[in-house]
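Architecture at a glance
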Amino acid sequence: DSKVIVITGASSGIGKATAQALVDEGNKVALIARSEDKLNDLVAELGDGNAFAVTADVSDFDDLEKAFSKVNKHYGQVDGVFANAGTGAKSAGIENGDVAEWQSMLGANINGLLYTAKLALPLLKQTKGHFILTSSVAGRIALKGSVYGASKWFAYGFGQNLAEEMKEWGGRCTTICPGMVNTPFFDEPKEDKLQPEDIAKSVLFALSANDSACVREVYVMPTS
Ligand code: NJP
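For clarity, every value in this text was computed on a predicted model and none was experimentally measured.

**Regarding helix α3 (residues 61-75)**
Here α3 spans 21 Å end to end across 15 residues, near enough to the 21 Å set by a 1.5 Å rise per residue. The set of residues buried in α3 consists of L64, A67, F68, V71 and Y75. Viewed end-on, α3 has its buried residues packed into an arc of 95°, placing them on one side of the element. For α3, the exposed residues lying more than 90 degrees away from the buried face are K66 and K73. Taken together, the buried residues of α3 touch β1 (4-8), β2 (28-33), β3 (51-55), β4 (80-83) and α4 (99-127). Looking at where α3 begins, the residue whose side-chain oxygen comes 3.2 Å from the main-chain nitrogen of D62 is D60. Of the residues flanking the end of α3, it is G76, one or two places downstream, whose phi is positive at about 80°.

**Structural notes on unusual backbone geometry**
Not every positive phi belongs to a glycine, and K128 is a case in point at roughly 50°. One can find K128 in the loop between α4 and β5 (130-134). Residue K128 is classed as exposed on the basis of its relative accessible area, which comes to 54%.

**Some thoughts on the site of the ligand**
Of all residues adjacent to the ligand, which total 31 residues, the nearest are S12, S35, S136, P178 and T183. Between D57 and the ligand, the recorded distance is 2.9 Å, taken from a side-chain N or O atom to a nitrogen atom. A distance of 2.9 Å separates an oxygen atom of the ligand from a polar side-chain atom of K152. Burial of the ligand by the surrounding chains reaches 93%, relative to a free accessible area of 890 Å². Taken together, the elements giving at least two residues each to the shell around the ligand come down to α1 (13-24) and α5 (147-166). The class makeup of the residues in the shell around the ligand is 15 nonpolar, 13 polar and 3 charged.

**A word on the packing of α1 against helix α2 (residues 36-46)**
Each pair of packed helices gets described by two things: the angle between the helix axes and the distance between those axes. With their axes 11 Å apart at the nearest point, α1 and α2 run at an angle of 20° to one another. As the angle between them shows, α1 and α2 are arranged roughly parallel. When you trace α1 past α2, the crossing you get is right-handed. Of the residues in α2, those touching α1 at K16, A19, Q20 and V23 are L42, E45 and L46. Looking at the contact of α1 with α2 residue by residue, the classes come out as 4 nonpolar, 1 polar and 2 charged.

Cut-offs and rules
- Residues numbered from 1 in each chain as written.
- Predicted model: local features only at pLDDT ≥ 70, side-chain atom pairs only at ≥ 80, totals over all residues.
- Heavy atoms only, no water.
- Helix = DSSP H or I, 4+ residues; strand = E, 2+ residues; numbered from the N terminus.
- Expected span 1.5 Å × (residues − 1).
- Buried < 20%, exposed > 50% of the residue type's maximum accessible area, 1.4 Å probe, protein only.
- Arc of directions from axis to C-beta.
- Contact = heavy atoms within 4.5 Å.
- Polar contact = N/O pair within 3.5 Å; in protein donor to acceptor, adjacent residues only side chain to side chain.
- Near = heavy atom within 4 Å.
- Areas by Shrake-Rupley, 256 points an atom, 1.4 Å probe, with all protein chains shown as cover.
- Nonpolar A, V, L, I, M, F, W, Y, C, P; charged D, E, K, R; others polar.
- Axes fitted to C-alpha atoms, helices over the stretch in contact; angles between N-to-C directions.
- Parallel < 35°, antiparallel > 145°, perpendicular 65-115°, else oblique.
- Left-handed = near helix turned anticlockwise from the far one by under 90°.

Here it is in structure tokens:
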């Protein structure tokens, strides 16, 4: 079945690879991120009829609300939302952490996730749809003083609770926990780690489950 899937953080890395994989399987995608040029290039790659792009900052509720409204108007239905936008921090630990950097990171990783879910649920309720989010291995293990890690523990816990809320009306929620992935998230290439396409496959796996099954979480680590 062809589905309409909204992806946040679609301009790069995991989100971009997932958009490509979904379109390759015959689905349609709505791409959300802040970089207009990158989104437009991706729409050109995927084909106008397969992809629709809207710029928005996920940490700004009004901005994101307008984006969801444009997507809904464009496609008329939403079967899945992949809440994947997120950033890391260059500053390490609490004592040496940079407060402005925390605010911007938590704005995307926590507020952005909450806002995406709040805007997605009314649409997904109509299709008994699927919410998928990107947590991290950093949301499953302790990392010394990592505010990024703590934001991903939030994402992990949020995903578990959201699954309980969504099941009331037949909706499903999947939390993806990747290890290190070779994306622009890092300044240096990580060629021997996971590739963004590996995570895209996990998203497709969760979406392809039988109606009777909810893949609650997928934990993916690099082989080496
Ligand atoms: O990184 P990257 P990934 N509003 O930098 C967007 C998690 N993760 O694909 O707005 C809207 O290539 C940004 O777009 P733009 C990670 O925490 C990663 O690796 O145009 N969009 C871009 O499309 C994150 O949640 C690894 O700058 C915002 C995308 O987010 C997710 O995977 C491991 C935004 C980031 O793409 C995707 O990251 C892991 C905002 N405020 C979890 N802020 C890993 N790479 O190793 C950012 O466990 N974006």
